Amino acid sequence: MEYKLLLASDGSDNAVRAAEFTVELLAAAPDIKVTVLAVNDIIEKMKYYSPLRSPVVLEEVEIFFREKTDEALETTMEVFKKHGVKVNGVAKLGNPARVIVDYARDEGVNHIVIGSRGLGSLKGIVLGSVSSKVIQLASCPVTVVK
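Residues numbered from 1 in each chain as written. Predicted model: local features only at pLDDT ≥ 70, side-chain atom pairs only at ≥ 80, totals over all residues. Heavy atoms only, no water.

### Re the nonpolar core
Taken as a class, soluble globular proteins show a tendency for nonpolar side chains to be buried jointly. Core analysis: the largest hydrophobic core is formed by 18 residues, its most contacted members being Leu5, Leu7, Val34, Val36, Phe80, Val87 and Val113. Sorting the residues of this core by element identifies strand E1 (4-9), helix H1 (13-28), strand E2 (33-40) and helix H3 (55-82) as the ones contributing at least two each. Broken down by element, the residue count for this core peaks at 5 residues, all from H1. Ignoring any residue separated from it by four or fewer positions in sequence, one finds Leu7 in contact with Ala18, Ala19, Thr22, Thr35, Val36, Leu37, Thr76, Phe80 and Val113. Counting 17 residues, the second-largest nonpolar core is a separate cluster that includes Val99, Ile112, Ala138 and Cys140. (Core = buried A, V, L, I, M, F, W, Y, C linked by side-chain atoms within 4.5 Å. Buried < 20%, exposed > 50% of the residue type's maximum accessible area, 1.4 Å probe, protein only. Helix = DSSP H or I, 4+ residues; strand = E, 2+ residues; numbered from the N terminus. Contact = heavy atoms within 4.5 Å.)

This is the structure in structure tokens:
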């Protein structure tokens, strides 16, 4: 049976640490199939909350944030390239926690690895972090890397 691991990344320092953790896992279990998933939700937020909702503005902003999402993905995948490890990369737009959990379910992922997020105490209590939401919603084990 193929064991699938999903590494969720936003390109942050915590995501890079999660990638390094995953490289260490692969050293012990090299047959694990890893996919790196980068998700950006700014476009969805803009569609509903921004006064700049014109199609032209949204198209320009979407192009910009797709590029930023691709950069986050590339930053994380660089960790694997540096160690000579081949992984798949996927970039998506949408609600990060929901996209991560849905992708894991749809692709039959056995384990999710995600970096923790350093939200301020009040913001973290009120909004919760993506990693907290993934833990709540996922039907497979989730490892949060600090």
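Structure's up, so let's keep going.
### Notes on the side chain of Asn110
Here Asn110 lies in the loop between helix H4 (96-106) and strand E4 (111-115). Owing to a relative accessible area of 19%, Asn110 belongs among the buried residues under this scheme. In this structure the side chain of Asn110 is engaged in a polar contact, spanning 2.7 Å, whose partner is the backbone nitrogen of Lys4. Each residue touching Asn110, except ones within four places of it in the same chain, is listed here: Met1, Glu2, Tyr3, Lys4, Cys140 and Pro141. (Polar contact = N/O pair within 3.5 Å; in protein donor to acceptor, adjacent residues only side chain to side chain.)

Keep in mind these values describe shape, not function.
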